Amino acid sequence: MKWITARRRHPLAGYVVVILALALFGVGYAALAPTADQAEAQTLAAEVPSPDDVDVAAGEDIFNQTCASCHNYDGGGSDTGPDIRNSGAASVNFQVSTGRMPSMDPDSQMPRRPMVMSEQDLANLIAYYNEEIREGGPDIPYEVPGGPPQRENFEDDASYEAAMEEHEADFEAYIEGADDTDMGMKLYLTNCAHCHGWSGGGGALTDGRWAPEIHDATPREIYEAMVSGPGAMPMFSDTVIEPEEKQELISYVKKLQAEPNAGGIFDLNRVGQVAEGFIGWVVGLSLIIACAIWITAKQRAHD
Amino acid sequence: MSKTTQAPKALRGVGNFIDDRFHLAKTGEKNLRKVFPNHWSFMLGEIALYSFIILLVSGVFLTLWFKPSMLEVVYDGAYERLQGVPMSEAYASTLYIDFEVRGGFLVRQIHHWAALIFVASLVVHMLRVFFTGAFRKPREINWLIGVAIFGLAMVEGLFGYSLPDDLPSGMGVRILQGVMLALPLVGPYISMFLFGGEFPGEDIITRLYMLHVLLIPALLLGLIVAHFMILWHQKHTQYPGTGRTDKTVVGTPMYPAFAVKAGGFFFFTFAVTAGLSGFVQINPIHLFGPFTPTSITSGLQPDWYMGFMEGSLRIFPNWFDIAPFGYAIPTAVLVPGLIVPGLIFGGLALWPFIEQWITGDKRARNVADRPRNAPVRTGVGVAGITFYGVLWLAGSNDILSETFSIDLYLTTYIFRVLAIVGPILGYIIAKRICLGLQRRDRETLEHGYESGTIQQLPSGEFIEVHKRSSDETIHVLENKPPLTSTALSEPEVDDKGVENPKTRKGPGKLRLALARWYTKDNVSLDDVEPYSGHHLHHSVPEGEKEATH
């Protein structure tokens, strides 16, 4: 205590206290705050699973345990969950693979998070859904590339790397297969940007809902979201926006997101003018004023 | 005069040549020795000047390649992603500046960052002038010029933002047209006049270009020159201190000290602007893409200085929209888009005259006020900042809502309440802080300052030893200007018992009420002798209410 008593009136003591307090809050917040839902994209491999690989009975168990409490045993819905008989396999795959389902809180919008079940479980669940519950709705667009393969699904490094290479080639072929930037841009800016933002950074919606950012979304997830219309999102079926147009659109937004920042290493998360104004004041003007204080202070000392 | 102080012969020759023709020696000598008071807050206006110079220079560079044309072209330039996309020539030439002109991207970013800093420094400079009362006689005209520069700078920025014809610029023009159309009767005509037709078409970029590079900069330049010449002529205000009066200025001479300082400061301002431009991406139009009438995006805002307009548009309710005789008057656009900024700028322009009317102070004031010594003015200023700040924040409510996971509608309600409650609270709190500081001034004058040394008296009592303040402090405190109004010194009833006719009618009555509001609660230091307080006693002496420890 003596050490503190001796130094607490030091000219720098105030700054030290402020820095310590800020550090305490920062570290404390980081420790207490829920981990950010930076979900790893996890989806099925690009192939349609063959009937031999899936277990419908296991899928029924999963459905009854994790879905039926809200959507009912026949998928007909209840007070807490909607009827999913006409949602289609694309919707099930989208909702479960992005971790939105099963929901922790049926009353509020779910954020993206890691998938709660294994890919095999999801395949089983979808097989059961297709066989017993489904009455309509869009199919999973298996031809559109999903997320990268997961290491734990492969026995050795060689087969994993081969799968990874194949995935990257598929992804590249899909993105590069689109060549009409103007069409993709117009489709995206007309239909998507007013909620998800020009760069897919997400945005606020009415009544406490929000449009999620779609940086992590795989082409297949974007496609599935368009055909199934999750949450407040409208449905863009393949007759409204044709598959080739969807490819242009997805390719536009993925290329835009992969675009490097030509203007400097700090892109301010591409938030735009709010962040620029903030930096202009807090960094730009503050530094210049600090300089003004500095040069006039020097002057005064020699007066 | 000794030989050593003479200038070298070559210089003398040039000097004599000029002096023989223009007789500048005397004027030059006088102006070079002009004294400038030293304080960091007196440099804020210079930041604006230097940013303006940077804007002019970088702007000239950009005009060498920018084509203000709405002619549709198919892009075939260096930026691969947009090749084959139809766009306006304005947008294509901006991409050309970004990707094919050497240093073009950097200069465009310098131009944009300098614009943000230019308006920001205008605001802080104006706040400094307001809070120190430097707008008082004889500087009212210069204050008005300053307000005009501020307003023009906003419009200039908006037009510049709209020129590249990228996604956000189109959206900005769309709002601009909406606000114009909201004007009853004349709105549609003004819009048709500006856009050259019923709909924003192909003329607008060319016209905005003329306004942005010619008309408004010329006006700004003229006003800035006038601002400086008046400043030069009237001399700078200074903070109170020994030897500083309304008749004498204390500071450093223009040449060499101030000139070196100011010159160095220019380079620092430029360094910060260029540093930001080199490392922080601003307004990446190549990512936004060209504007088409169907395109729209969430999360886009105007540049910061238009944020308060955006905010007032966002939070103003549509409850008052009326349509008399089938002619719609959209008050939800008209009030926030024109009346709110009108109130802010009108209030700024009128305040010097309102204050002068209240106080009846007709003297020339060259010594700046300490903000605490004019508590009501400071309170009003803080209320204004709060109002502006709330609107400004409201302009980014979608970003705030998304970043902090707050319900978007809730932010609207919060800002609606804050826009009314915030300024009132701001006024009360700022005024109370001013009065508290005044009381502390009084105490410092009476007792000296608290030294932090604790002494135990023989009686066992502990006291904190007060020490004498510096002469400078005592001088400043003793010369606190009295806060009065001529309205208060006029007798309410004359010697014949007749009521003063001036205060019987509306304006006089209002003025008296305002004068009371302006001066009441002020702490007077007139009756205080320095160190007359019992600075060795901790207890409050009887009958002395003010001496609170």
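In this text, all values refer to a predicted model and were calculated from it rather than measured experimentally.

Parameters and conventions
Residues numbered from 1 in each chain as written. Chains lettered and ligands numbered in written order. Predicted model: local features only at pLDDT ≥ 70, side-chain atom pairs only at ≥ 80, totals over all residues. Heavy atoms only, no water. Contact = heavy atoms within 4.5 Å. Buried area = accessible area lost by both parts, 1.4 Å probe. Polar contact = N/O pair within 3.5 Å; in protein donor to acceptor, adjacent residues only side chain to side chain. Helix = DSSP H or I, 4+ residues; strand = E, 2+ residues; numbered from the N terminus. Patch = residues over 30% accessible without salt bridge, like charges linked within 9 Å, V, L, I, M, F, W, Y side chains within 5 Å. Areas by Shrake-Rupley, 256 points an atom, 1.4 Å probe, with all protein chains shown as cover. Salt bridge = Lys/Arg side-chain N within 4 Å of Asp/Glu carboxyl O. Lys, Arg positive; Asp, Glu negative; His and termini not counted. Charge placed at Lys NZ, Arg CZ, Asp CG, Glu CD. Buried < 20%, exposed > 50% of the residue type's maximum accessible area, 1.4 Å probe, protein only. Expected span 1.5 Å × (residues − 1). Bend = angle between axes of the 7 residues up to and from the residue. Core = buried A, V, L, I, M, F, W, Y, C linked by side-chain atoms within 4.5 Å. Domains from an automatic or database assignment. Pairing = 2+ DSSP bridges.

1. Quick word on the interface of chain B and chain A
- Listed by partner, the interface residues are 66 residues for chain B and 56 residues for chain A.
- Together, the buried faces of chain B and chain A total about 5000 Å²; carbon and sulfur atoms form 69% of this surface.
- The tally of links between chain B and chain A comes to 21 residue pairs in polar contact (both at pLDDT 80 or more).
- Breaking the side of chain B that touches chain A down by element, the ones donating at least two residues are helix H3 (44-63), helix H5 (104-131), helix H7 (167-181), helix H10 (254-279), helix H11 (285-288), helix H15 (397-404) and helix H16 (408-447) of chain B.

2. Overview of a negative patch on the surface
All names here are of chain A.
- A grouping of Asp55, Glu60, Asp61, Glu131 and Glu132 is seen on the molecular surface, where their side chains present a negatively charged patch.
- Structurally, the position occupied by glutamate 60 is in helix H3 (residues 56-71).
- Judged by its relative accessible area of 34%, glutamate 60 is partly exposed.

3. What to know about helix H9 (residues 204-234) of chain B
Residue and element names in this part refer to chain B.
- For H9, spanning 31 residues, the distance from its first C-alpha to its last is 42 Å, which sits close to the expected 45 Å at 1.5 Å a residue.
- Remark: the principal bend of H9, roughly 40 degrees, maps to leucine 211.
- When we look at burial in H9, the residues that qualify are Ile204, Ile205, Leu208, Tyr209, Leu211, His212, Ile216, Pro217, Leu220, Ile224, His227 and Gln234.
- Among the structural elements, H3, helix H4 (89-99), H5, helix H6 (140-162), H7 and helix H8 (187-195) are those in contact with the buried residues of H9.
- Downstream of H9 by a residue or two, lysine 235 has a phi angle that is positive, lying close to 70 degrees.

4. Concerning the nonpolar core
- Core analysis: the largest hydrophobic core is formed by 91 residues, its most contacted members being B:Phe150, B:Phe265 and B:Trp304.
- By residue number, the principal contributor to this core is H5(B), which donates 17 residues.
- Among the nonpolar cores identified, the runner-up in size contains 38 residues, and A:Val144, A:Leu187, A:Ile222 and A:Tyr252 belong to it.

5. Thoughts on the domain arrangement of chain A
- In terms of domain boundaries, chain A breaks down into domain 1 (1-33) and domain 2 (56-258).
- A separation of 47 Å is found between the C-alpha centroids of domain 1 of chain A and domain 2 of chain A.

6. Topic: a nonpolar patch on the surface
All names here are of chain B.
- A cluster of nonpolar side chains, Val417, Ile420, Val421, Ile424, Leu425, Ile428, Ile429 and Ile433, forms an exposed patch at the surface whose accessible area comes to about 730 Å².
- By the element assignment, isoleucine 420 lies in helix H16.
- Owing to a relative accessible area of 59%, isoleucine 420 belongs among the exposed residues under this scheme.

7. Digging into unusual backbone geometry
- Note the cis peptide between A:Met101 and A:Pro102, where omega equals -5 degrees.
- By the secondary structure assignment, A:Pro102 is in the loop between helix H4 (89-97) and helix H5 (119-133).
- The peptide bond linking B:Lys137 to B:Pro138 adopts the cis configuration, its omega dihedral lying at 10 degrees.
- Within the element layout of this structure, B:Pro138 appears in the loop between H5 and H6.
- Its identity as a non-glycine residue notwithstanding, B:Leu185 has a phi of 65 degrees, on the positive side.
- Its place among the elements puts B:Leu185 in the loop between H7 and H8.
- With a phi angle near 45 degrees, B:Asn283 is a residue other than glycine that sits in the positive phi range.

8. So, the pairing of strand E6 (residues 462-467) of chain B
Residue and element names in this part refer to chain B.
- Alignment of strand E5 (residues 449-456) against E6, held across five bridges, turns out to be antiparallel. Opposite isoleucine 454, over in E6, you have glutamate 464 as the bridge partner.
- Counting the residues between successive antiparallel strands, the hairpin from E5 to E6 contains five residues, one of them, glycine 460, with a positive phi of roughly 100 degrees.

9. Brief notes about the environment of B:Thr411
Residue and element names in this part refer to chain B.
- One can find threonine 411 in helix H16.
- Assessed through its relative accessible area of 3%, threonine 411 is described here as buried.
- When the C-alpha atoms of threonine 411 and asparagine 397 are compared, they prove to be 6.5 Å apart, with 14 residues separating the residues in sequence.
- Beyond its immediate chain neighbours, meaning those up to four positions away, threonine 411 contacts Asn397, Ser401 and Ile406.

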